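Structural description and commentary
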Amino acid sequence: MSLAYEFSKTGNRSPKICIVGCVQGNELVGKKTIEKLKKIKIKKGTIGFLIANVLAMKKKRRFIEIDLNRAFPGNSKGKYEEELALKIKKIVNKFDYVIDLHSSSTKTPPFVIIPNKKKENEKLAIATNVKRIVYTKKRIAKKRAMLDHVKNGIAIELGLHEMKSTETAGLKAVLNILKYLKMIDGKWKNQNNRERFVIDEELKLPSKKAKIKIRNFEIVQKGEEIAEGKSYKIIAKKEFYPILAGEKAYPDFLCYVGIKINQK
Ligand SMILES: [Zn+2]
């Protein structure tokens, strides 16, 4: 099977930023954002546009064999996505910053994911002006995600798959970064209303047929009912903020447990 990805770039010299879409093929927000960004004139620097898993995208699937975002650093004799990861890694490594755009099967306000607390990643997150910033305490992806193999990079979850509001949020966040880096016209203005969360743990669902009773980023009190199945109830052991609750992409997944943190 030949490896399918689409890459192009515009501009020259630094800063070099790569916008990545369709790391998961059914998440089209990155592709839509890239189509719009390609029409924009840049003042300085280089923008790369990468549609990562083109074959999965064409088949309207998350992946062909395994999740590309769990296939890094790649393997030339591995599964389809492991071979693809090798190619993708070579491309994104040439950039100072990588912006990885995602959508979800569950309703959520947009949020930035910072895979590790590097200063540059913090700057990128602020530059998006996305209100919610989520830090992953333990490496959820166990160094198998694309962003574990770049110089600097953040992921942005933008909302439900194939919604207009998701696309709008994607374009807005990237344009904010480009303004912040002075790569395009327009003044970057700090929104100053950020909320920060750290992912503490992951909650699982014992059965598929369960009713999830919480909403993303809406506080859950200790003792509150989180989900109800045929023969069980799941009760919150502590106060938390649900993140990606109800996402169908992961087996047995209920939600990430977000703890709100105070930080300037
Ligand atoms: Zn995704």
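Criteria and cut-off values
- Residues numbered from 1 in each chain as written.
- Predicted model: local features only at pLDDT ≥ 70, side-chain atom pairs only at ≥ 80, totals over all residues.
- Heavy atoms only, no water.
- Helix = DSSP H or I, 4+ residues; strand = E, 2+ residues; numbered from the N terminus.
- Rg over C-alpha atoms; globule rule 2.2 N^0.38 Å.
- Buried < 20%, exposed > 50% of the residue type's maximum accessible area, 1.4 Å probe, protein only.
- Contact = heavy atoms within 4.5 Å.
- Lys, Arg positive; Asp, Glu negative; His and termini not counted.
- Charge placed at Lys NZ, Arg CZ, Asp CG, Glu CD.
- Pairing = 2+ DSSP bridges.
- Donors = N, O, S within 2.8 Å, 3.2 Å for Na, K, Ca; no water.
- Tetrahedral: all angles 85-135°; square planar, octahedral: opposite > 155°, others 65-115°.
- Right-handed = clockwise from strand over helix to strand, strands pointing away.
- Core = buried A, V, L, I, M, F, W, Y, C linked by side-chain atoms within 4.5 Å.
- Salt bridge = Lys/Arg side-chain N within 4 Å of Asp/Glu carboxyl O.
- Patch = residues over 30% accessible without salt bridge, like charges linked within 9 Å, V, L, I, M, F, W, Y side chains within 5 Å.
- Areas by Shrake-Rupley, 256 points an atom, 1.4 Å probe, with all protein chains shown as cover.

**Quick word on the overall build of the chain**
- A count of helices and strands for the chain gives five helices and 13 strands.
- Expected size for 264 residues packed as a compact globule is a radius of gyration near 18 Å; at 18 Å, the chain falls within 12% of this value.
- Across its three principal directions, the C-alpha atoms of the chain cover 60 × 45 × 30 Å.
- Counting across all 264 residues of the chain, residues that qualify as buried make up 51%.
- Of the contacts made within the chain by residues no fewer than 6 positions apart, 70% connect residues no fewer than 24 positions apart.
- One way to put it: in the chain the 59 positive side-chain charges average out to a point 5 Å from where the 28 negative ones average out.

**Concerning the pairing of strand S8 (residues 195–204)**
- Bridge count for strand S6 (residues 132–136) against S8 is five bridges, and the pairing is parallel. Among the inter-strand pairings, Val 134 is bridged to a residue of S8, identified as Phe 197.
- In this sheet, strand S13 (residues 253–261) lies alongside S8 in antiparallel orientation, the contact comprising eight bridges. Each residue of the ladder has a partner; that of Arg 196, found in S13, is Ile 261.

**Here's the deal with the coordination of the zinc ion**
- In this structure, Gln 24 (OE1), Glu 27 (OE), Glu 27 (OE) and His 102 (ND1) serve as the protein donors to the zinc ion, at separations of 2.1 to 2.4 Å.
- Coordination at the zinc ion is irregular, judged from the four donor atoms that bind it and the angles of 56 to 140° they form at the metal.
- Under the relative-accessibility criterion, His 102 is labelled buried at 5%.

**Some thoughts on the pairing of strand S3 (residues 45–51)**
- With seven of its seven residues buried, S3 lies for the most part within the structure.
- Sheet topology places strand S1 (residues 6–12) next to S3; seven bridges connect them, and they run antiparallel. Counterpart to Lys 9 in the pairing with S3 is Gly 48.
- Alignment of strand S2 (residues 16–21) against S3, held across six bridges, turns out to be parallel. The partner of Val 20 across the bridge, within S3, is Leu 50.
- Between the parallel elements S2 and S3, the chain passes through helix H1 (residues 29–37) in a crossover that is right-handed.

**Brief notes about the nonpolar core**
- Formed by 61 residues in total, the largest nonpolar core has its most connected members in Ile 17, Ile 19, Val 20, Val 92, Ile 99, Met 146 and Ile 156.
- Among the elements that take part in this core, helix H5 (residues 164–180) stands out by supplying seven residues, more than any other.
- Formed by 14 residues, the second largest nonpolar core is a distinct cluster that contains Ile 214, Tyr 232, Phe 240 and Val 257.

**Side note on the side chain of Arg 132**
- Examined against the element boundaries, Arg 132 turns out to sit in strand S6.
- Although Arg 132 is buried, it makes no salt bridge; Glu 195 carries the closest opposite charge, 4.0 Å away.

**Focus on the sheet that holds strand S11 (residues 233–235)**
- With respect to topology, three strands assemble into an open sheet ordered S9-S10-S11, the strand pairing being antiparallel. Only two strands of the sheet have a single neighbouring strand rather than two, namely strand S9 (211–212) and S11.

**Notes on a positive patch on the surface**
- A surface patch of like charges, here positive, comprises Lys 9, Lys 16, Lys 87, Lys 90, Lys 94 and Lys 151.
- Note that Lys 90 resides in helix H3 (residues 80–92).
- Judged by relative accessible area, Lys 90 falls into the exposed class, the value being 62%.

**What about the environment of Ala 210?**
- Along the chain, the position of Ala 210 falls in the loop between S8 and S9.
- Each C-alpha atom of the pair Ala 210 and Tyr 232 lies 9.1 Å from the other, and the pair is 22 residues apart in sequence.

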